[in-house]
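# Observations on chain architecture
Each chain, written out:
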Amino acid sequence: MAEEIKQEKTVVSASPHIRAKNTTTSIMGDVIIALIPAGIVGIYNSGLSAFLLILTCVVSSMFFEYLSEKIMHRKLTVRDLSAALTGLLLALNLPAGFPLWMAVIGSAFAIIVVKQMFGGIGQNFMNPALAARCFLMMSFAKRMTHFTYDGVTTATPLAVIKSGGKVNVLSMFLGNEAGTIGETSVIALLIGALYLVARKVIDLRIPVFYIGSFVIFVMLYKLTQGAAFLDVTKYTVKQVCGGGLILGAFFMATDYTTSPINKNGRIIYGIILGFMTFIFRMFGSSAEGVSYAIIISNLLVPLIEMATKSKAFGAGYENKSLKENRGFKNSGDEVEDKKEKSIRVVIAICLIGLFSGLALGLIHDITKKPIEETATKKEQASYKAVFDSASTYEENASVLDKLNKIIDENGYTDADIDKVLSAKDENGNEIGLILIITTHKGYAGDIQMAVGIDKDCQITGISMLSIGETPNLGMEARDNPDFTAQYVGKDVDKFTVTKNGAATDSEINAISGATITSNAVTGAVNTSLFAASKIYEGGIN
């Protein structure tokens, strides 16, 4: 009997054969190492909460990758560190006090929905970490924009700039400001970026053209507003140092899967990123814009690749005579023509950005005053609704940070005071306060309300500014004036909710079928009463 010989098939591909020592694991590992300085600064600024959030995001991302690949019967890729990197990037894009269970939901969305449902590593259509951040921003907006620094609730530098305040550039560069865990320290991020460049993990075209085009668009726009060149320069430097621009430009916009492959495509991609970030920051309701700019630009990558794709090796020889008839005398002419086309595309995008910036600047200048007047009228109407006897309302921003710290220290942790206003009579004498407060205990999310309190610490009125509870149930807190009227004019230090009918002034009859909403509103009112009493005592200046 003849011995059977097993023959293995050998697949030979056409040359050239490009070899590299880089692996997915080594690349992901390098990016993780590069993010360590930013992570250390974040943990130093925010303490244990930042460390636990990073750990939760990394571990949960790796768990969801393992679980989803097991269920989908795919090759396990947990050891390639891609899931760990996604978790780390997500954590660095979250505020330090963000609830851990919400972070786990974000990790699940990043890995299962954005990554694994589209085929796993290399198949995702946008950056998983940023997609998860935007998902969390839409789902838990209040928690995503709740920042603390040195134990005090405060706004981020970009939010301060957008509201017309002043910030310290050196503090932004070093990282001594509020923000997400990984975005605050420019120097820490640049150290990591230099490491990636030295290791040849990233190409500088994307971050350079991203930041460069953003700077050009911002400066041109501000100059059209009549600002002095020196002031525009200072403003632009603050915009570059603030927010997630450096983190996004070097660590997320350069993601291999969701960025163009060829050089010209990366240049165009960077310019689009700069323009999109400029639009979001200058004209959006939020001070940030990097996350949305990157994920939207991710969706444009296939179109960019089509417009800038390179010729395959050895392709086109069969059409040589046709090309010569079109005027290409040699391959060098064809290369030059392609370069010219790419340059024209870049110039066209720059011109579009330039004229768009100028047009938007003009439109903004025309509409700015009417918009501000309308917003002021709406604010005054809401203040009048809760403190009708006052003639003017003046904001007192100086007490806000101390006030939030005091209410937290005294156990009122379910709500944050967003604004404090002094209600004054026609002679300019203070007759009470209006507190804009947000409770996080609503059935469907945060509830923001205005609460008027007179000098006797009695409620003068309550108005719901932002509420999204269940129609005909929790929404009765806004739609039924009889509910909020229960709090008005009563000499009570603290209210309680009852389902059996209010028997005393301190009892609030709950909305039928909406006890959670009733408790949330009552908790916010109690917090407001406590805060007002502290202000009236004179202990907060």
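Whatever comes next refers back to the structure up there.
Report on the accompanying structure. (Residues numbered from 1 in each chain as written. Predicted model: local features only at pLDDT ≥ 70, side-chain atom pairs only at ≥ 80, totals over all residues. Heavy atoms only, no water.)

## Quick word on the pattern of salt bridges
Going through the model one piece at a time under the given rule, you end up with eight salt bridges. Its salt-bridge partner being R205, residue D203 comes within 2.8 Å of it at the nearest N-O pair. Residue classification places D203 among the partly exposed residues on the basis of a relative accessible area of 22%. Each of D203, R205 and R266 takes part in one network of salt bridges that share partners. (Salt bridge = Lys/Arg side-chain N within 4 Å of Asp/Glu carboxyl O. Buried < 20%, exposed > 50% of the residue type's maximum accessible area, 1.4 Å probe, protein only.)

## Re helix α12 (residues 245–252)
Among the eight residues that make up α12, eight are buried, leaving the element largely enclosed by the rest of the structure. Looking only at α12, the buried set comprises L245, I246, L247, G248, A249, F250, F251 and M252. (Helix = DSSP H or I, 4+ residues; strand = E, 2+ residues; numbered from the N terminus.)

## A look at empty space enclosed by the protein
For the coordinates displayed, the defined rule picks out three cavities of 30 Å³ or more. Quantified by volume, the largest cavity comes out at close to 100 Å³. Forming the walls of the largest cavity are 17 residues, and the residues nearest its centre are S46, T148, E177, G179 and T180. Among the secondary structure elements, those contributing two or more residues to the lining of the largest cavity are α1 (24–46) and β1 (148–149). Broken down by element, the residue count for the lining of the largest cavity peaks at four residues, all from α1. Reported here for the second largest cavity is a volume of approximately 70 Å³. Forming the boundary of the second largest cavity are N93, L130, R133, E183, G244, M252, E288, G289, V290 and S291. (1 Å grid on protein atoms, 1.4 Å probe; cavity = no way out; pocket = protein on both sides within 12 Å on 5 of 7 lines; lining within 4 Å. Points joined across faces, edges and corners; volume = space filled by probe spheres on them.)

## Some details on the environment of S259
Within the element layout of this structure, S259 appears in the loop between α12 and α13 (263–283). With a relative accessible area of 6%, S259 lands in the buried category. In the structure, S259 is positioned 35 residues away from I294 in sequence and 9.6 Å away in space, judged by C-alpha atoms. Setting aside anything within four residues of it in sequence, one finds S259 in contact with I206, A253, T254, Y269, V301 and E305. A distance of 2.6 Å separates a polar atom in the side chain of S259 from the backbone oxygen of D255. (Contact = heavy atoms within 4.5 Å. Polar contact = N/O pair within 3.5 Å; in protein donor to acceptor, adjacent residues only side chain to side chain.)

## Quick notes on the pairing of strand β4 (residues 415–424)
Most of β4 is tucked away, with nine of its ten residues classed as buried. The pairing of strand β3 (residues 392–395) with β4 spans four bridges and is antiparallel. Opposite E395, over in β4, you have L421 as the bridge partner. Relative to strand β5 (residues 430–442), β4 runs antiparallel, the two being bridged by nine bridges. Its bridge partner being in β5, D416 is matched across the sheet by T438. Counted between consecutive antiparallel strands, the loop separating β4 from β5 contains five residues, among which G428 sits at a positive phi close to 85 degrees. (Pairing = 2+ DSSP bridges.)

## Comments concerning the packing of aromatic side chains
Inspection of every chain in the model, using the stated rule, returns 15 aromatic pairs. Between Y221 and F278 the ring centres are 5.8 Å apart and the planes differ by 70 degrees, which places this aromatic pair in the edge-to-face class. One end of the pair, Y221, is in helix α10 (residues 205–224); the other, F278, is in helix α13, and 57 residues separate them in sequence. Neither Y221 nor F278 differs from the other in exposure class; each is buried. Judged by centre distance (5.2 Å) and plane angle (70 degrees), the rings of Y221 and F283 are edge-to-face. (Phe/Tyr/Trp six-rings, centres within 6.5 Å; stacked < 30°, edge-to-face > 60°.)

## What to know about the environment of K424
The residue K424 is located in strand β4 in this model. Note on K424: relative accessible area 19%, which makes it buried. Once you skip the residues sitting within four places of it in the chain, K424 turns out to touch A390, S391, T392, E394, N429, E430 and I431.

## A look at the nonpolar core
Across soluble globular proteins, nonpolar side chains show a tendency to be buried alongside one another. Of all hydrophobic cores here, the largest spans 79 residues; its most connected members are L35, L94, F98, Y210, F251 and I294. If we skip the residues at most four places from it in the chain, L94 touches L53, C57, A103, L136, M144, T180 and I181. Formed by 37 residues, the second largest nonpolar core is a distinct cluster that contains L400, A415, A520 and V521. (Core = buried A, V, L, I, M, F, W, Y, C linked by side-chain atoms within 4.5 Å.)

## As for a negative patch on the surface
Together, D456, D491, D493 and D505 line one region of the surface with negative charge. By the secondary structure assignment, D505 is in the loop between β8 (496–498) and β9 (507–509). We classify D505 as partly exposed; its relative accessible area is 47%. (Patch = residues over 30% accessible without salt bridge, like charges linked within 9 Å, V, L, I, M, F, W, Y side chains within 5 Å. Areas by Shrake-Rupley, 256 points an atom, 1.4 Å probe, with all protein chains shown as cover. Lys, Arg positive; Asp, Glu negative; His and termini not counted. Charge placed at Lys NZ, Arg CZ, Asp CG, Glu CD.)

## Quick notes on the sheet that holds β5
Two modes of strand pairing occur in sheets, parallel and antiparallel, and in both the strands are linked by backbone hydrogen bonds. Reading across from one edge, β3-β4-β5-β6-β7 is the order of the five strands in this open sheet, with antiparallel pairing throughout. The outermost strands of the open sheet, each flanked by one partner alone, are β3 and β7 (459–466). Shown here is a sheet whose adjacent strand axes are inclined to one another by a mean of 25 degrees, direction ignored. For β5 and strand β6 (residues 445–454), the ladder comprises nine bridges, and the chain directions are antiparallel. Along β6, the bridge assignment pairs I436 with A450. Set on the sheet, helix α20 (residues 515–537) makes contact with β4, β5, β6 and β7; between it and β5 the angle comes to about 145 degrees. (Axes fitted to C-alpha atoms, helices over the stretch in contact; angles between N-to-C directions.)

What is shown is where atoms sit, not what they do.
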